[in-house]
Amino acid sequence: MSRLQLFPTSATIQENQLTIAGHDLSALAKKYGTPLYLYDRATMDFAAHDYQAALKKYYPARASITYAGKAFLCKAIAQWTQSHGLWVDCTGEGEIAIAKAGGVPRERILVHGVNKSTADLNSALENASVIVVDNLAELERISQAESRGAVSLWLRILPGVAVDTHHAHTQTGQHDSKFGMTREETREALAFCKARGLSISGIHFHQGSNFRDPAPLKQAIEVGLDMANEIGLAGEWHFSPGGGWGVAYHEDELPQPDTNEYARVIAKHVISGCKTRGLPLPHLHLEPGRSLVARAGVAIYKVGAIKQRKNKTWALTDGGMTDNPRHAMYGAKYSALAVSNPMGEKTARVSIAGPYCESGDVIIEDLPMPKLKQDDLIAIPASGAYHLSMSSNYNGARKPAVVWLEEGSARLIIRRETLEDLLRRDL
Ligand SMILES: Cc1ncc(COP(=O)(O)O)c(C=O)c1O
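In this text, all values refer to a predicted model and were calculated from it rather than measured experimentally. (Residues numbered from 1 in each chain as written. Predicted model: local features only at pLDDT ≥ 70, side-chain atom pairs only at ≥ 80, totals over all residues.)

## Let's talk about the packing of helix 8 (residues 216-231) against helix 9 (residues 259-277)
At their nearest, the axes of helix 8 and helix 9 sit 10 Å apart, and the two run at 35 degrees to each other. Helix-helix and strand crossings are classified by hand; for helix 8 and helix 9 the assignment is right-handed. The residues of helix 9 that touch helix 8, namely those facing Leu217, Lys218, Ile221, Glu222, Leu225 and Asn229, are Val265, Ile266, His269, Val270, Gly273, Cys274 and Arg277. Here the residues of the contact of helix 8 with helix 9 sort into 7 nonpolar, 3 polar and 3 charged. (Axes fitted to C-alpha atoms, helices over the stretch in contact; angles between N-to-C directions. Helix = DSSP H or I, 4+ residues; strand = E, 2+ residues; numbered from the N terminus. Left-handed = near helix turned anticlockwise from the far one by under 90°. Contact = placed C-beta atoms within 7 Å. Nonpolar A, V, L, I, M, F, W, Y, C, P; charged D, E, K, R; others polar.)

Laid out in structure tokens, this is it:
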């Protein structure tokens, strides 16, 4: 049964069919077409409650959860964040526009980005409550803005410690990373702020994405608190050790990483680090993306052809690297269930590849599966984060439809792209 545990919490097998929130996936595929993305609200609610309960349990001062919009942002997801009172991390003016359209109020919009343009910064100054400054050039642009509104400035520091994410492309905290400021750069930024009358009210770092060992957080928290101490942050100040807590993509990675333990480790080190330095406890912000939405998302693909090779069986599907580039980008390992007869005997080792003109257009390699045939539907779990937000129109692919599932209702939240959409920007 364990492969089923990668799927949304509401996934069950009824009459030999995989279902989510009680919905018949074959009927949804028929109605909306494939490839199709499904989001299960109950799984997202469960994840948000988990984080909020853990913070309540371990952290005695103010604490907030910020949803990292880069994982996947659309109006419906933005609306969902507000049902839990979450802040939303927006990278640049594009995500700010989506968050606003989804009803996220200014006081819950926080803006990230490693090289924010003047347009990004102007949008942030107009619509957000926090800009997390990545570098001195951004500070210069901010200082030149006509009006700085009600925006608070936090500094993104480079702690010089990464977490184990299994791939260099998903690490951000190491010494040679492009993200954030070194200690010397942070000092320069502070001198600039002093000279221009800009005040800093928070410290942020983010060490990487999809890790399950919280140990390296301790060292980075120390670096962050040292910097807060040096700046002299006091009163209501903010501390954000980023996001990045992992999820299970494959049965080899089960059980799911424990959010409670992640929050406990952070809270413990922030509390003890503040005590040692005589700092007041900050408003603590955790910034998860993947661990709030990845498990809620399921991609449904249809098998179009089977090809037998010397040591390989290919199941060629109608979705692939244009809706999920993660295997192509960093070898992410996935699992799958057939929608019909999901627990059938695994007699084959199947590699699942998309229809695009790249040999790297592969989603899964050599997964034990029941024998698949043309027109079978397969469901890929943990598809809710960094799939559609990184999707492309390669080969003229049209981005899939997205359906929001609750018990008793299935609602189209993003329609499938059309040929007209593909040509919309051509002049
Ligand atoms: C600044 C920042 N915060 C939060 C996140 C969220 O990471 P995850 O979705 O792995 O939780 C990211 C991801 O890259 C990030 O860059």
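## Some words on the site of the ligand
Taken together, 18 residues are adjacent to the ligand, and Ala68, Ser209, Gly243, Gly289 and Arg290 come closest. A per-class count over the shell around the ligand returns 5 nonpolar, 9 polar and 4 charged. (Near = placed C-beta within 6 Å.)

## Let's talk about the environment of alanine 61
Relative to the assigned elements, alanine 61 resides in the loop between helix 2 (41-58) and strand 5 (63-68). The class of alanine 61 is partly exposed, set by 15 C-beta atoms lying within 10 Å. As a C-alpha pair, alanine 61 and leucine 405 span 344 residues in sequence and 35 Å in three-dimensional space. With residues up to four places along the chain from it excluded, the contact list for alanine 61 reads Leu281, His283 and Leu284. (Buried ≥ 20, exposed ≤ 12 C-beta atoms within 10 Å, placed from the backbone.)

## What about the domain arrangement of the protein?
Assigned domains within the protein: domain 1 (2-40 + 295-423) and domain 2 (42-293). Taking only C-alpha atoms, the centre of domain 1 and the centre of domain 2 are 31 Å apart. Contributions of two or more residues to the side of domain 1 that touches domain 2 are made by helix 11 (326-330) and strand 20 (409-414). Taken together, the residues of the side of domain 1 that touches domain 2 break down into 15 nonpolar, 9 polar and 4 charged. (Domains from an automatic or database assignment.)

## Regarding the pairing of strand 18 (residues 377-380)
Burial along strand 18 is two-sided: Leu377 and Ala379 and Ile378 and Ile380, pointing in opposite directions, are all buried. Bridge count for strand 13 (residues 297-309) against strand 18 is 4 bridges, and the pairing is antiparallel. Its bridge partner being in strand 18, alanine 299 is matched across the sheet by isoleucine 380. Relative to strand 18, strand 15 (residues 337-338) is paired through 2 bridges, and the arrangement is antiparallel. When the sheet's bridge partners are listed, leucine 337 is paired in strand 18 with alanine 379. (Pairing = 2+ DSSP bridges.)

## Description of the sheet that holds strand 2 (residues 17-20)
Adjacent strands of a sheet form backbone hydrogen bonds with each other and so pair up, either parallel or antiparallel. Reading across from one edge, 1-2-3 is the order of the 3 strands in this open sheet, with antiparallel pairing throughout. At either margin of the open sheet sits one strand with a lone partner, and together these are strand 1 (11-14) and strand 3 (23-24). Strand direction decides the pairing type here: strand 2 and strand 3, joined by 2 bridges, are antiparallel. The residue of strand 3 that forms the bridge with threonine 19 is aspartate 24.

## A word on unusual backbone geometry
The step from threonine 34 to proline 35 runs through a cis peptide bond, and the omega angle for that step is -5 degrees. Within the element layout of this structure, proline 35 appears in the loop between helix 1 (25-32) and strand 4 (36-40). Of the consecutive residues leucine 254 and proline 255, the connecting peptide bond is found in the cis state with omega at 5 degrees. Looking at where proline 255 falls in the secondary structure, it is placed in the loop between strand 11 (238-240) and helix 9. At aspartate 366, a residue that is not glycine, the phi angle is positive and equals roughly 50 degrees. Along the polypeptide, aspartate 366 turns up in strand 17 (residues 362-369).

## Description of the nonpolar core
Among soluble globular proteins, nonpolar side chains are generally buried collectively. Counting 125 residues, the largest nonpolar core has Leu38, Val111, Ile300, Ala336, Ile378 and Ala379 as the members making the most contacts within it. Counting the residues that make up this core, at least three belong to each of domain 1 (2-40 + 295-423) and domain 2 (42-293). What alanine 336 contacts, discounting residues up to four positions off in sequence, is Ile352, Ile364, Leu367, Met369, Ile378, Ala379 and Ile380. (Core = buried A, V, L, I, M, F, W, Y, C linked by C-beta atoms within 7 Å.)

## A short note on the sheet that holds strand 10 (residues 200-204)
One closed barrel holds the 8 strands; their spatial order is 5-6-7-8-9-10-11-12, and the pairing between them is parallel. Within the sheet, the average angular offset between the axes of one strand and its neighbour, ignoring direction, is 25 degrees. Pairing of strand 5 with strand 12 (residues 283-286) involves 3 bridges; the strand directions are parallel. Looking across to strand 12, one finds that serine 64 is bridged to histidine 285.

## Concerning the environment of valine 362
As for its placement among the helices and strands, valine 362 is situated in strand 17. For valine 362, a count of 18 C-beta atoms within 10 Å puts it in the partly exposed group. Through-space distance from the C-alpha of valine 362 to that of tyrosine 330 is 12 Å; in sequence the pair is 32 residues apart. Setting aside its immediate chain neighbours within four residues, valine 362 contacts His327, Ser351 and Ala353.

## Observations concerning the pairing of strand 1
In this sheet, strand 2 lies alongside strand 1 in antiparallel orientation, the contact comprising 4 bridges. Note that in strand 2 the partner of alanine 11 across the bridge is isoleucine 20. Counted along the chain from strand 1 to the antiparallel partner strand 2, the turn is 2 residues long, and its residue glutamate 15 has a positive phi close to 50 degrees.

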